[in-house]
Amino acid sequence: MARRKLKFFLTFAVIILAVVVLYGGLVGNKTSFCENKTAFQSDKTAFCPNETPFCQSKNKTDCNLLANKCLSLAEAMPSSNEKLISLDHKYYFVGYNPSHKQAAWVAYLLTSEMIRQNDNVSRGNTNFKKDPLLRKHYAISKDYSHSGYVRGHLCPSKDMCWSEASMRETFFMTNVSPQGEQFNNGLWKKLEKQVRTWALDNDSIIVLTGPVLSTKKAEIGENKVSVCGKFYKIVVDISYPSYKMIAFVMDNANIKGNVYKYSCTVRDVERLTGLDFFPSCEDNPLIDSLESQTDISLWKSEKIRTN
């Protein structure tokens, strides 16, 4: 009888021990899962509700290595299913769509040093001119005459006023798209100013911008330049360790409100435009994290917070 009781208690103890070990393993696995998850999960009901953005939860050295691999202007420039003409200028790059007679995207680097020297030259009476790198399928300044639309810079001339050469390069016709005057001088202009503030605040940023060509609503001029209903802008902070991205999509109209009202993720822009930003970095967990989420509180300068 005593032997049976001993056997029963030993069996029960083994069962209890197994349960404890199993539970500990599950908890450990949960911790491991959360620590090793590659994509930032913003869903509060997800398995890891307290997750933080990728670089805040990772070893800083590992994060910096991932950033060095992909956070560059060359890697940021998107791929497209449509046939685009690459125009590599000295101060910015263009993915030109010959069917629409304008860029699908323009990409450039903007630094705090550039902005500090932004009063070195003035726009003056600089005229728009044909892009010397484009031989055909181009728009001319006359296409915009009496059209009801202005030549809206994609890479703003004000971003490049730190030298005469850089400023003049922004006046190539491949760097403009038809924009409504109220849009061009309204909220879009405010966003451009904010981008320059971010360059000062964050030291170095990448800017990618262009029309949403799929929203074409009209054509202007003899060369049938597409008028698009929406424009996008993506800003990437590449300054260690505060890597972050934010994107905007705005209607080409007299829109109102704070610029953050029109913020979205890079993935949202990709779905809308058909472009794939950072195309060679699909498996990079840092890029996946940054493209999938945006936190506007990380971008709000003191000036914006008080408005």
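Before any of the text, the structure's been laid out above.
The sections below set out a description of the structure shown in this document. Because the structure is predicted, anything quoted here is derived from the model rather than measured. (Residues numbered from 1 in each chain as written. Predicted model: local features only at pLDDT ≥ 70, side-chain atom pairs only at ≥ 80, totals over all residues. Heavy atoms only, no water.)

1. Some points on the side chain of T265
Within the fold, T265 resides in the loop between β12 (263-264) and α9 (266-273). The exposure class of T265 is buried, given its relative accessible area of 13%. Ignoring sequence-local partners within four residues, the contact set of T265 consists of A247, E291, S292, Q293 and T294. (Helix = DSSP H or I, 4+ residues; strand = E, 2+ residues; numbered from the N terminus. Buried < 20%, exposed > 50% of the residue type's maximum accessible area, 1.4 Å probe, protein only. Contact = heavy atoms within 4.5 Å.)

2. Topic: the nonpolar core
With 36 residues, the main nonpolar core has V106, Y108, L110, W198, I205 and M250 as its most contacted residues. Mapped by element, the contributors of at least two residues to this core are β3 (93-97), β4 (102-111), α5 (112-116), α8 (187-202), β7 (204-211), β10 (230-237) and β11 (244-251). By residue number, the principal contributor to this core is α8, which donates 6 residues. Setting aside chain neighbours within four positions, we find L110 in contact with I115, D159, V195, R196, A199, D203, S204 and I205. If you look at the next biggest cluster of nonpolar residues, it comprises 31 residues, including Y232, V269, L275 and L290. (Core = buried A, V, L, I, M, F, W, Y, C linked by side-chain atoms within 4.5 Å.)

3. With respect to the packing of α9 against helix α10 (residues 285-292)
Where α9 contacts α10, the two axes come as close as 6 Å, and the packing angle between them is 80°. Looking at the two axes, α9 sits roughly perpendicular to α10. Of the residues in α10, those in contact with V266, R267 and E270 of α9 are D288, E291 and S292. When the residues that make up the contact of α9 with α10 are grouped by side-chain class, the tally is 1 nonpolar, 1 polar and 4 charged. (Axes fitted to C-alpha atoms, helices over the stretch in contact; angles between N-to-C directions. Parallel < 35°, antiparallel > 145°, perpendicular 65-115°, else oblique. Nonpolar A, V, L, I, M, F, W, Y, C, P; charged D, E, K, R; others polar.)

4. A short note on α8
Between the first and last C-alpha of α8 there are 22 Å, a value that for 16 residues agrees with the 22 Å anticipated at 1.5 Å per step. Just downstream of α8 lies D203, where phi reads positive at about 80°. (Expected span 1.5 Å × (residues − 1).)

5. Digging into the side chain of E291
By secondary structure assignment, the location of E291 is in helix α10. By relative accessible area, E291 is classed as buried at 3%. In this view, E291 contacts M245, T265, V266, R267, E270, F277 and F278; residues no more than four positions away in its chain are not counted.

6. A look at a positive patch on the surface
The grouping of K189, K190, K193 and K256 at the surface amounts to a positive patch. Positionally, K256 belongs in the loop between β11 and β12. Look at K256 and you get exposed, because its relative accessible area is 57%. (Patch = residues over 30% accessible without salt bridge, like charges linked within 9 Å, V, L, I, M, F, W, Y side chains within 5 Å. Areas by Shrake-Rupley, 256 points an atom, 1.4 Å probe, with all protein chains shown as cover. Salt bridge = Lys/Arg side-chain N within 4 Å of Asp/Glu carboxyl O. Lys, Arg positive; Asp, Glu negative; His and termini not counted. Charge placed at Lys NZ, Arg CZ, Asp CG, Glu CD.)

7. A closer look at the environment of H100
With respect to the helices, strands and loops of the structure, H100 is situated in the loop between β3 and β4. Here H100 falls in the buried class, since its relative accessible area comes to 13%. In the structure, H100 is positioned 38 residues away from Y138 in sequence and 9.0 Å away in space, judged by C-alpha atoms. Among the polar contacts listed, one links the side chain of H100 to the side chain of S226, at a separation of 2.7 Å. (Polar contact = N/O pair within 3.5 Å; in protein donor to acceptor, adjacent residues only side chain to side chain.)

8. Focus: the packing of aromatic side chains
Per the counting criterion, the structure on display carries 11 aromatic pairs. Ring geometry for Y232 and F277: centres 6.2 Å apart, planes at 65°, overall edge-to-face. Residue Y232 is located in strand β10, and its partner F277 is located in the loop between β13 (275-276) and α10; the two are separated by 45 residues in the primary sequence. Its relative accessible area of 0% is what places Y232 among the buried residues. By way of ring pairs, the aromatic residues W198, F248, Y260 and W299 are connected into one cluster. The aromatic ring of W299 is capped on one face by K244, whose charged end is 4.8 Å from the ring centroid. Above the face of the Y260 ring, K300 is positioned so that its terminal group lies 5.4 Å from the ring centre. (Phe/Tyr/Trp six-rings, centres within 6.5 Å; stacked < 30°, edge-to-face > 60°. Lys NZ or Arg CZ within 6 Å of the ring centre and 35° of its normal.)

9. Some points on the sheet that holds β10
Within the open sheet, the 7 strands sit side by side as β2-β3-β4-β7-β10-β11-β12. Their pairing is antiparallel. The sheet is open, and its two edges are formed by β2 (85-88) and β12, each paired on a single side. Pairing between β4 and β7: 6 bridges, direction antiparallel. Across the sheet, the residue bridging to L109 is I206, located in β7. In the packing of α8 onto the sheet, the strands contacted are β4, β7, β10 and β11, and the crossing angle to β10 comes to about 5°. (Pairing = 2+ DSSP bridges.)

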